[in-house]
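Residue-level listing of the chains:
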Amino acid sequence: MSLKLYNYLTRKVEEFKPINPPNVGLYTCGPTVYNFVHIGNWRTFVFEDILRRALVFNDYKVKHVMNITDIDDKIINKAKEEKIPINELTKEYTDAFFADLGRLNILPADVYPQATEHIDQMLKMVGSLIDKGLAYVKDGSVYFSISKFKDYGKLSGTNVKGVKAGARVDVDEYDKDNPQDFVLWKASDSDAKSRHEAFDSPWGIGRPGWHIECSAMSTQYLGETFDIHTGGVDLLFPHHENEIAQSEASTGKKFVNVWMEGEHLLVNGEKMAKRLGNIYTLSDISKKGFDPLALRYLFLTAHYRSKLNFTWESLEAAQRALSNLKNEVSTWEEPKVGCAEFEDNFKKAVSDDLNMPKAVAIFWEMVKSDYPASAKHKSALVMDEVLGLDLSDVKKAQLPEGARELIDKREEFRKRGDFAGSDKIRDQLKGMGVEVEDTAAGPKWKVK
Ligand code: AMP
Ligand code: ZN
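Quick look at the structure, then. No experiment lies behind these values; they were computed from the predicted model shown.

All right, on to the pattern of salt bridges then. Taken as a whole, this structure holds 23 salt bridges when the rule is applied. Between Asp-100 and Arg-103 there is a salt bridge, with its nearest N and O atoms 2.7 Å apart. Of this pair, Asp-100 and Arg-103 are both found in helix H3 (residues 86–103), 3 residues apart, which corresponds to roughly one turn of the helix. Note on Asp-100: relative accessible area 8%, which makes it buried. The salt bridge partner of Arg-404 is Asp-408, with a shortest N-O separation of 3.6 Å. Here the residue Arg-404 and the residue Asp-408 both occupy positions in helix H14 (residues 403–416), the gap between them amounting to 4 residues, near one helical turn. Overall, Arg-404 belongs to the partly exposed group, its relative accessible area being 39%. Each of Arg-410, Glu-411, Arg-414, Arg-426 and Asp-438 takes part in salt bridges that share partners, so that together they form one network.

Listed below in structure tokens is the structure:
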């Protein structure tokens, strides 16, 4: 079975072919740690976790690198407002990020490089771009000259024809309709250096632009050319486009084979974003009594390339589905040989550009099927290697003493057509806290 992934570079679903099988190099753009990560960000991080689990499910060995952006304008401004050093601010939110990561069952990356610890690698790359004539110095800052890189725009489809030579921006994010030379190194001053917000460089004191950190750090940990790079779709331009320009101009080699971008989480039809003030954090969700894994379940119900509109009702439905599932699993016998057909279909859906809505539907078909509980249990645990819903932690529900005998007796009554008798036993079981439901696959019970 082959794994197929949608590649933004070719705008096609392609068979995935790693450079050095079974190894796969995966770089996922990480958080900017000046605030709590919101559930829109978490949608992208969960998509990346599913991707990684799907690769492992297909027997690949993944080296996963996720950067932590611990220096940028937003961080500097917030630290100033709070009158604390930037590393105090970034440590607080990096710790919070890792705690939430665990609550969503996201597997930790192999490396979490922080921008401030990789300044030398960034300086080297910026230096090589100047040497090659693709970058220039202006008032102590260094800019990438997009008109000199012939492939500029190849990922996002941005048209650079007619771009005014020398028009440049110092901010890291800019308008898709207005591509400009972007900053690689921003001039700063000695005050900033004393606050550890700036560093020495051959061009004077300054700090890196946002894009250069991902080029320098991904290359350091995964090589000059690697397999997969991901982020949210808002990073397509300019961030990922600029990463390609910097890296390919510097090394002369193709930077990344497969680019995958996750679609946004919306609220009332608008992107969830800090600047729009329409965000919820994982704590907001927990405070309302939701299990963080209900959010993960909700994300699984939409394809990663489709927008998903967040509503509390949809989270409630996800919570109900997850609770029902865990109740069901808690009644199953010990896992034995699984249901091969369902497992195969599940894998096919996962391997078809991570079609998780289909995979979840197959999962439920399996749960509701007539297979013995021990087989379902086995398959559920196999599928949970990708779903990540913690099904292996579900405790086996214990029936109160005598309940098992009553359930069996009631079944005999039902088979005989003695419904008055079976209803009586149902009430008796209810009094013991056991609810019985009759299904095509036999009686199902739940301990309340
Ligand atoms: P940031 O911390 O803003 O750099 O964002 C971290 C990750 O979250 C990036 O991959 C973004 O593309 C992604 N992201 C930001 N907002 C959303 C959203 N509303 N839905 C999905 N992903 C998002
Ligand atoms: Zn990045």
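Glancing now at the coordination of the zinc ion (ligand 2). At this site the zinc ion (ligand 2) is bound by Cys-29 (SG), Cys-214 (SG) and His-239 (NE2), with donor distances of 2.1 to 2.2 Å. In the primary structure, the donors to the zinc ion (ligand 2) are separated according to the pattern C-x184-C-x24-H. Taken together, the residues span a long stretch of sequence, with Cys-29 in the loop between strand E3 (23–28) and helix H1 (39–57) and His-239 in helix H7 (residues 236–251) at a distance of 210 residues. Here the two residues Cys-29 and His-239 agree in accessibility, since each one is buried.

By convention here, two paired aromatic rings are described through the distance between centres and the angle between planes. The full count for this structure, using the stated rule, is 24 aromatic pairs. Taking 5.5 Å as the distance between ring centres and 55 degrees as the angle between the ring planes, the aromatic pair formed by Phe-97 and Phe-98 counts as tilted. A relative accessible area of 1% means that Phe-97 is categorised as buried. Given the relative accessible area of 32%, Phe-98 is considered partly exposed. The interplanar angle of 65 degrees and the centroid separation of 5.0 Å between the aromatic rings of Tyr-280 and Trp-312 together place this pair among those described as edge-to-face. Of this pair, Tyr-280 sits in the loop between strand E13 (270–271) and helix H8 (282–287) while Trp-312 sits in helix H10 (residues 312–330), placing them 32 residues apart in sequence. Residue classification places Trp-312 among the buried residues on the basis of a relative accessible area of 19%. Within the aromatic cluster, the residues linked to one another by ring pairs are Trp-42, Phe-45, Phe-97, Phe-98 and Tyr-112. Here the basic side chain of Arg-168 rests over the ring of Tyr-143, its NZ or CZ set 5.3 Å away from the ring centre. The ring centre of Trp-312 lies 4.5 Å from the NZ or CZ of Lys-288, which sits over that ring.

On to the site of ligand 1, then. Close to ligand 1 lie 16 residues, the nearest being Gly-40, Thr-44, Asp-234, Leu-265 and Met-272. The separation between an oxygen atom of ligand 1 and a polar side-chain atom of Asn-41 is 2.9 Å. Within the backbone of Gly-232, an N or O atom sits 2.9 Å from an oxygen atom of ligand 1. Elements supplying a minimum of two residues to the shell around ligand 1: H1 and strand E10 (226–232). Tallied by class, residues from the shell around ligand 1 come to 5 nonpolar, 8 polar and 3 charged.

Taking 1.5 Å per residue as the helical rise, H7 with its 16 residues ought to reach 22 Å, and the 21 Å between its terminal C-alpha atoms agrees with that figure. Counting buried positions over the 16 residues of H7 gives 16, a clear majority of the element. Immediately beyond the C-terminal end of H7, within one or two residues, lies Gly-252, with a positive phi of roughly 75 degrees.

A word on unusual backbone geometry. The amide bond that connects Pro-21 to the next residue, Pro-22, takes the cis arrangement and shows omega of 5 degrees. Within the secondary structure, Pro-22 sits in the loop between strand E2 (12–15) and E3. Here Phe-237 and Pro-238 are connected by a cis peptide whose omega angle stands at 0 degrees. We note that Arg-11 has phi near 55 degrees; this positive angle belongs to a residue other than glycine. Inspection of the secondary structure assignment puts Arg-11 in the loop between strand E1 (4–7) and E2.

Turning next to the packing of helix H11 (residues 340–351) against helix H13 (residues 373–387). Their axes nearest at 10 Å, the elements H11 and H13 cross at an angle of 10 degrees. Taken together, the axis directions place H11 and H13 in an arrangement best described as roughly parallel. Contacts from Phe-342, Glu-343, Phe-346 and Val-350 in H11 reach Ser-379, Val-382, Met-383, Val-386 and Leu-387 in H13. For the contact of H11 with H13, the per-class residue count stands at 7 nonpolar, 1 polar and 1 charged.

The rules behind each value
Residues numbered from 1 in each chain as written. Chains lettered and ligands numbered in written order. Predicted model: local features only at pLDDT ≥ 70, side-chain atom pairs only at ≥ 80, totals over all residues. Heavy atoms only, no water. Salt bridge = Lys/Arg side-chain N within 4 Å of Asp/Glu carboxyl O. Helix = DSSP H or I, 4+ residues; strand = E, 2+ residues; numbered from the N terminus. Buried < 20%, exposed > 50% of the residue type's maximum accessible area, 1.4 Å probe, protein only. Donors = N, O, S within 2.8 Å, 3.2 Å for Na, K, Ca; no water. Phe/Tyr/Trp six-rings, centres within 6.5 Å; stacked < 30°, edge-to-face > 60°. Lys NZ or Arg CZ within 6 Å of the ring centre and 35° of its normal. Near = heavy atom within 4 Å. Polar contact = N/O pair within 3.5 Å; in protein donor to acceptor, adjacent residues only side chain to side chain. Nonpolar A, V, L, I, M, F, W, Y, C, P; charged D, E, K, R; others polar. Expected span 1.5 Å × (residues − 1). Axes fitted to C-alpha atoms, helices over the stretch in contact; angles between N-to-C directions. Parallel < 35°, antiparallel > 145°, perpendicular 65-115°, else oblique. Contact = heavy atoms within 4.5 Å.

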